[in-house]
Amino acid sequence: MNPLALTILLLSLAIGTTITLSSFHWLLAWVGLEINTLAIIPLMTKYPHPRAIEAATKYFLTQAAASALILFSSLINAWQTGEWNINSLSDLPVTTFSIAIMMKLGLAPLHFWMPEVLQGISLPTGLILSTWQKIAPMTLLLNASSLLNLNLTIALGLTSILIGGWGGIGQTQIRKIMAFSSIGHLGWIVIIMKFSPQLSLFNFILYIIMTAAMFMSLNVMSATKMSQISTSWSKTPALSATTMLIMLSLAGLPPLTGFAPKLLIILELVKQDAILLAAVVMLISLLALFFYLRLTYIIALTLSPNTPDSLLIWRTTPKSYSLIAIMNTLALTLLPLTPTILFL
């Protein structure tokens, strides 16, 4: 892609998110979301493959439907309250608005576009779709968290955690695995949103760090299948090892970063006397834990590393991977800093 076009598209992504984050008017928030959607579609079709075209079409249709619902909610809100202030939401628009935002985020049962779209695009675009594109909708949802329907958030959260674990069990394609991982993590974020929006925000930040670290590592290794991570062991042994650890961090195993949000969410649910909900969430999340552990076991212990006899593959590259090193470190070692971060 032309560097100038790429720069304009990336700037449009940044501007769209900034407009949504800084808006007090519903129409401006909607415009920001639309700029975001339209800016990423050319990035999806950067490599003109039928899978990429199909992914971009599916993404556009689902995002357009969700945007129409958001505009519909804000119009009804303006009709009932007489103002376009982003903080004023009556009872009717809140449900349609939250469903629209959850469709944009890819929460179950509105998740069907997410694995297919992520599978059809490149890893750098998948990184943007899984992290940056979630920021604006999640901010709007956090803004309306006090008005959300508790039963709706719990139902969608539990469904997302279940689908995120269940859908990932039989997968060998890493991008689809990351899509189901994203659905499961967003389920954790949404289920606690009504009880503690601050904890949802903390969980969302850690989700972005871990997902970005995973995608950046996969992009360096050019790995889109599980077997390719195994064969990359001879090229980048340290990166292959940290990729396995990031996968365990995404699973939520102590003492890695991913354990912090899950522990705090369960503690908050118990504090709110939702003990049965906490137990159900923990039981359902065992599905996700199983497929992460299975993948790590398969890659680390059972797949043949296919080490070639030639020493040419050990040649080092002059590229600097300092950003990936920082992201991987954050994705693995933030657990001891959690109390400090929450205090700040």
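Residues numbered from 1 in each chain as written. Predicted model: local features only at pLDDT ≥ 70, side-chain atom pairs only at ≥ 80, totals over all residues. Heavy atoms only, no water.

With an unreviewed UniProt entry as reference, the chain is termed NADH-ubiquinone oxidoreductase chain 2, source organism Rana kukunoris. The heading Subcellular location (unreviewed entry) in the UniProt record of the chain holds the text "Mitochondrion inner membrane". If you open the UniProt record of the chain and go to Catalytic activity (unreviewed entry), you find "a ubiquinone + NADH + 5 H(+)(in) = a ubiquinol + NAD(+) + 4 H(+)(out)". (UniProt positions renumbered as here; feature names shortened; annotations may be inferred.)

Asker: Explain unusual backbone geometry here, please?
Answerer: A negative phi angle characterises most non-glycine residues, just as the trans form characterises most peptide bonds. A cis amide bond links Ala 108 to the next residue, Pro 109, at an omega of 0 degrees. Among the secondary structure elements, Pro 109 is positioned in the loop between α4 (91-105) and α5 (113-119). Cis geometry marks the peptide bond from Pro 254 to Pro 255, where omega comes out at 5 degrees. As for its placement among the helices and strands, Pro 255 is situated in the loop between α12 (237-251) and α13 (259-271). Non-glycine residue Asp 273 carries a positive phi angle of around 65 degrees. (Helix = DSSP H or I, 4+ residues; strand = E, 2+ residues; numbered from the N terminus.)

Asker: What should I look at first to understand the nonpolar core in this one?
Answerer: One broad rule of soluble globular proteins: the nonpolar side chains tend to lie buried together. Ile 40, Met 44, Tyr 59, Leu 129 and Leu 218 are the most contacted members of the largest nonpolar core, which totals 73 residues. Sort the elements by how many residues they give to this core and helix α10 (residues 197-221) lands first, with 12 residues. Setting aside residues no more than four positions away along its own chain, Tyr 59 makes contact with Thr 37, Ile 40, Ile 41, Met 44, Trp 113, Val 117, Leu 129 and Gln 133. (Core = buried A, V, L, I, M, F, W, Y, C linked by side-chain atoms within 4.5 Å. Buried < 20%, exposed > 50% of the residue type's maximum accessible area, 1.4 Å probe, protein only. Contact = heavy atoms within 4.5 Å.)

Asker: What is the right way to read the pattern of salt bridges from this model?
Answerer: Oppositely charged side chains are able to pair whenever their charged atoms sit close together. The full count for this structure, using the stated rule, is 3 salt bridges. In this structure, Lys 271 and Glu 268 form a salt bridge, with 3.7 Å as the shortest nitrogen-oxygen distance. Remark: Glu 268 and Lys 271 occur in helix α13; sequence separation between them is 3 residues, near one turn of the helix. Exposure remark for Lys 271: the relative accessible area of 64% places this residue in the exposed category. (Salt bridge = Lys/Arg side-chain N within 4 Å of Asp/Glu carboxyl O.)

Asker: Sorry if this is basic, but what is going on with the UniProt feature "transmembrane region" (unreviewed entry) in the chain here?
Answerer: Mapped onto this numbering, the UniProt entry annotates "transmembrane region" (unreviewed entry) at residues 59-80, 92-110, 147-165, 177-195, 201-224, 236-254, 274-300 and 321-343. Taken end to end, residues 147-165 is 84% helix and 0% strand, and its two terminal C-alpha atoms sit 29 Å from one another. As a span, residues 201-224 carries 88% helix and 0% strand, and end to end its C-alpha atoms are 29 Å apart.

Asker: Help me understand the packing of α10 against α13 in this model?
Answerer: What describes two packed helices is the angle between their axes and the distance between those same axes. The interhelical angle for the contact between α10 and α13, taken along N-to-C directions, is 165 degrees, at an axis separation of 10 Å. Put simply, α10 runs roughly antiparallel to α13. The two elements α10 and α13 meet at a crossing, and its hand is left-handed. For the pair formed by α10 and α13, the contact residues are Leu 199, Phe 202, Asn 203 and Leu 206 on the first element and Ala 260, Pro 261, Leu 264, Ile 265 and Glu 268 on the second. Residues that form the contact of α10 with α13 fall into these classes: 7 nonpolar, 1 polar and 1 charged. (Axes fitted to C-alpha atoms, helices over the stretch in contact; angles between N-to-C directions. Parallel < 35°, antiparallel > 145°, perpendicular 65-115°, else oblique. Left-handed = near helix turned anticlockwise from the far one by under 90°. Nonpolar A, V, L, I, M, F, W, Y, C, P; charged D, E, K, R; others polar.)

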